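Descriptive analysis of the structure
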Amino acid sequence: MKHLHTGTEIRRSPLPRLAGMRAFACGALVTAAFALTPEPARADFRLCNNTGNRVGIAVGYNAWKFYQVTGDLAYLIDYGAELLAEIARFFVSLATYDDERARFSIRGVIGPDEFHSGYPDAPYDGIDNNAYTNVMAVWVIMRAIDALNLLPLPNRLDLMETLGLSSAELAHWNDVS
């Protein structure tokens, strides 16, 4: 019998770190990856700017919940913190500061209902400041910070070096969230 594998069975696949793609967005956009085989599903990580970004939020949510339920710090060290950090990085890169509103905005996204895909006569696809996307983006950013803070210092420093994650970037995450 074949089973549908999702969520907690996602195994680590190397996150692409293509500097040339950072013109679009930083971090990992996680797209749907499901398999009708005995093999676990593999996450499909891409560096790009895409309106359908809610899958990354769901994967980040599941990664954090997996850690909360299991208390598996080794998972957080080996996979979870990196996954959360790259998803957070992606959403931070989508946020722009709106001087008029004195807050950050995420523009041009499609919410979880997939019906609200843009404004009439707009020069870009998607809608601005979708409530689900904004709230969950902040949630993922905060959980990524929490995950990094839970890592033992040597692991945290190693991961930050691997990801090229600076203290200044983390401070910006705090500003966005």
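Because the structure is predicted, anything quoted here is derived from the model rather than measured.

**As for the pattern of salt bridges**
Here the structure, examined in full by the defined rule, presents five salt bridges. Of the charged contacts, one joins Arg89 and Glu169 as a salt bridge, the two residues approaching to 2.8 Å between their closest N and O atoms. Of this pair, Arg89 sits in helix α2 (residues 73–94) while Glu169 sits in helix α5 (residues 167–176), and the two are 80 residues apart along the sequence. A residue is classified by how much of its surface remains accessible, and Arg89, at 3% relative accessible area, is buried.

**Concerning the environment of Tyr124**
You can see Tyr124 is positioned in the loop between β4 (103–106) and α3 (131–150). Taking the C-alpha atoms as reference points, Tyr124 and Gly108, separated by 16 residues in sequence, lie 6.7 Å from one another. Excluding residues that lie within four positions of it along the chain, Tyr124 makes contacts with Arg107 and Gly108.

**Focus: the packing of helix α1 (residues 54–70) against α3**
At a closest axis distance of 10 Å, the pairing of α1 and α3 adopts a crossing angle of 40°. Taken as axis vectors, α1 and α3 run oblique relative to one another. Seen along the crossing, α1 lies across α3 with a hand that is left-handed. Only Tyr132, Thr133, Met136, Ala137, Trp139, Val140, Arg143, Asp146, Ala147 and Leu150 of α3 make contact with α1, whose side of the interface consists of Arg54, Ile57, Gly60, Tyr61, Trp64 and Tyr67. In terms of residue class, the contact of α1 with α3 is built from 11 nonpolar, two polar and three charged.

**A word on helix α4 (residues 153–163)**
Taken together, the buried positions of α4 are Leu159, Met160 and Leu163. In a view along the axis of α4, the buried residues occupy a sector of 100°, so they form one face of it. Turned more than 90 degrees off the buried face of α4, the exposed positions are Pro154 and Glu161. Contacts made by the buried residues of α4 are with α2, α3 and α5. Two residues or fewer past α4, Gly164 is found with a positive phi of approximately 65°.

Scoring rules and cut-offs
Residues numbered from 1 in each chain as written. Predicted model: local features only at pLDDT ≥ 70, side-chain atom pairs only at ≥ 80, totals over all residues. Heavy atoms only, no water. Salt bridge = Lys/Arg side-chain N within 4 Å of Asp/Glu carboxyl O. Helix = DSSP H or I, 4+ residues; strand = E, 2+ residues; numbered from the N terminus. Buried < 20%, exposed > 50% of the residue type's maximum accessible area, 1.4 Å probe, protein only. Contact = heavy atoms within 4.5 Å. Axes fitted to C-alpha atoms, helices over the stretch in contact; angles between N-to-C directions. Parallel < 35°, antiparallel > 145°, perpendicular 65-115°, else oblique. Left-handed = near helix turned anticlockwise from the far one by under 90°. Nonpolar A, V, L, I, M, F, W, Y, C, P; charged D, E, K, R; others polar. Arc of directions from axis to C-beta.

In short, shape yes, function no, at least from these values alone.
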